[in-house]
Amino acid sequence: MPFTLATWNINSVRLRADLVAKLLADEAPDVLCLQECKSPVDKIPAEIFAALGYPHMVARGQKGYNGVAIVSRLPLTDAGQRDFCAKGDARHVAARLDNGVTIHNVYVPAGGDEPDRTINEKFGHKLDFLTEMRDWFGAERPGKSILVGDLNIAPREDDVWSHKQLLNVVSHTPIEIDHMAQAQEAGGWVDVTRADIPQGLLYSWWSYRAQDWNTADRGRRLDHVWATGDIATAAHSSRILRDVRGWDRPSDHVPVFATFDL
């Protein structure tokens, strides 16, 4: 049976519950994965989503920081979490669908401003997080799995508005891209979005700092949908909902969609 999955860094699920509701009503994904919820789990407005036909949720939360949630109209089983870098951050949660697919929802640290771990602890945290992803996936070799989330890295030259100008900017530096590639290879993950949309500029994030984000169009593709090789060929119809960035009081990220026929 086909199902459609979406991932979205919502940048406060309580502040933008109306936008989540609008997306669910307008686009009707079967599963929606949210990052940067910035809320304890018991404060996530799950009743709003349930009223729209999404009664199932698996989440991990923190007050004011991080937070990941998987909201679904399909039954979910909580498949646990990983405490990356042993910091107690709510940056990962997993859930299993009745069809046997495990969904990993991940929020990779942004990494601060300076791409140098000797002077920027946040950048070191990001690299260590990615290294732990690599080692975990290499040991587990997951199958029949989908990984989504704000991975805070735009890996390809056409995933940023200017490859040359962003080479030394956190999210597009060679060391980050290499760490991401190692994690992807270790788990046998396929970049579903780029498998479906192999050519052309593609963004999922535009900074709040731009006076006119749409005209400037200085975006980056920071949000990803990956699948293990055993189900990657079942994915199709990937799309990024650019127009969501223009909604009232938007997140600086927009949703990324993919459909799987399993």
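Above this note sits the structure.
Here we summarise the structure given alongside this text. Just so it is clear, the model here is predicted, and its values are computed rather than measured. (Residues numbered from 1 in each chain as written. Predicted model: local features only at pLDDT ≥ 70, side-chain atom pairs only at ≥ 80, totals over all residues. Heavy atoms only, no water.)

Side note on the pairing of strand E8 (residues 145-150)
Most of E8 is tucked away: six of the six residues are buried. Burial along E8 is two-sided: the residues Ser145, Leu147 and Gly149 and Ile146, Val148 and Asp150 are all buried. Where strand E7 (residues 102-107) meets E8, six bridges bridge the pair, whose relative direction is parallel. Within E8, the residue paired with His104 across the bridge is Leu147. As defined by bridge partners, E8 adjoins strand E12 (residues 223-228) across five bridges and the pair is classed as antiparallel. Bridge pairing in E12 links Leu147 to Trp226. (Buried < 20%, exposed > 50% of the residue type's maximum accessible area, 1.4 Å probe, protein only. Helix = DSSP H or I, 4+ residues; strand = E, 2+ residues; numbered from the N terminus. Pairing = 2+ DSSP bridges.)

Description of the side chain of Asp159
Within the fold, Asp159 resides in the loop between E8 and helix H4 (163-166). Asp159 gets classed as buried once you look at its relative accessible area, which sits at 0%. Not counting chain neighbours up to four residues away, the residues in contact with Asp159 comprise Ala154, Arg194, Leu202, Tyr203, Gly219, Arg220 and Arg221. (Contact = heavy atoms within 4.5 Å.)

Brief notes about the environment of Ala86
Within the secondary structure layout, Ala86 lies in the loop between strand E5 (76-78) and strand E6 (92-97). Classification of Ala86 by relative accessible area gives exposed; the value is 67%. Sequence separation between Ala86 and Ala258 is 172 residues; the distance between their C-alpha atoms is 31 Å.

Observations regarding the state of the cysteines
The full count for this structure, using the stated rule, is zero disulfides. Its sulfur unpaired, Cys33 is 10 Å from the next cysteine sulfur, which belongs to Cys37. A relative accessible area of 0% means that Cys33 is categorised as buried. For the unlinked cysteine Cys85, the closest cysteine sulfur is that of Cys37, found at 20 Å. (Disulfide = S-S within 2.5 Å.)

Regarding the environment of Met180
Residue position: Met180 is located in helix H5 (residues 174-187). Under the relative-accessibility criterion, Met180 is labelled buried at 4%. Sequence separation between Met180 and Ala258 is 78 residues, and the spatial gap between their C-alpha atoms is 21 Å. Those residues in contact with Met180 that lie beyond four places of it in its chain are Leu130, Leu151, Ile153, Pro155, His224 and Trp226.

Observations concerning the layout of surface pockets
Empty space among the atoms can be located by rolling a probe the size of a water molecule over them. Here the largest pocket defines a volume of roughly 1,100 Å³. Lining the largest pocket are 35 residues, with Ala110, Gly111, Gly112, Asp113 and Asn152 sitting closest to its centre. Among the elements that take part in the lining of the largest pocket, helix H3 (residues 121-140) stands out by supplying three residues, more than any other. Considering only residue class, the lining of the largest pocket consists of eleven nonpolar, eleven polar and 13 charged. By volume, the second largest pocket is sized at about 150 Å³. Lining the second largest pocket we find Met1, Pro2, Phe3, Asp30, Leu74, Pro75, Leu97, Asp98, Asn99 and Leu262. Of the residues belonging to the lining of the second largest pocket, the class tally is seven nonpolar, one polar and two charged. (1 Å grid on protein atoms, 1.4 Å probe; cavity = no way out; pocket = protein on both sides within 12 Å on 5 of 7 lines; lining within 4 Å. Points joined across faces, edges and corners; volume = space filled by probe spheres on them. Nonpolar A, V, L, I, M, F, W, Y, C, P; charged D, E, K, R; others polar.)

Topic: the sheet that holds E5
Spatial ordering of the open sheet is given by E5-E6-E7-E8-E12-E9, a layout of six strands whose pairing is mixed. The open sheet has two free edges, formed respectively by E5 and strand E9 (189-191), since each of these has just one partner strand. Sheet twist, expressed as the average angle between the axes of neighbouring strands with direction ignored, equals 25 degrees. Pairing of E5 with E6 involves three bridges; the strand directions are antiparallel. When the bridges of E6 are listed, Asp78 appears paired with Ala95. In this fold H3 packs onto E6, E7, E8 and E9, with an angle of close to 165 degrees to the strand it touches most, E7. (Axes fitted to C-alpha atoms, helices over the stretch in contact; angles between N-to-C directions.)

A look at the sheet that holds strand E1 (residues 2-9)
Strand order across the open sheet formed by six strands is E3-E4-E2-E1-E14-E13, with mixed pairing between neighbours. In this open sheet, the two strands that pair with only one neighbour each are strand E3 (56-60) and strand E13 (235-240). The mean inter-strand angle of the sheet, taken between neighbouring strand axes irrespective of direction, is 15 degrees. Bridge count between E1 and strand E14 (residues 256-261): six bridges; the pairing is antiparallel. In the sheet register, Leu5 faces E14, and the bridge partner there is Ala258.

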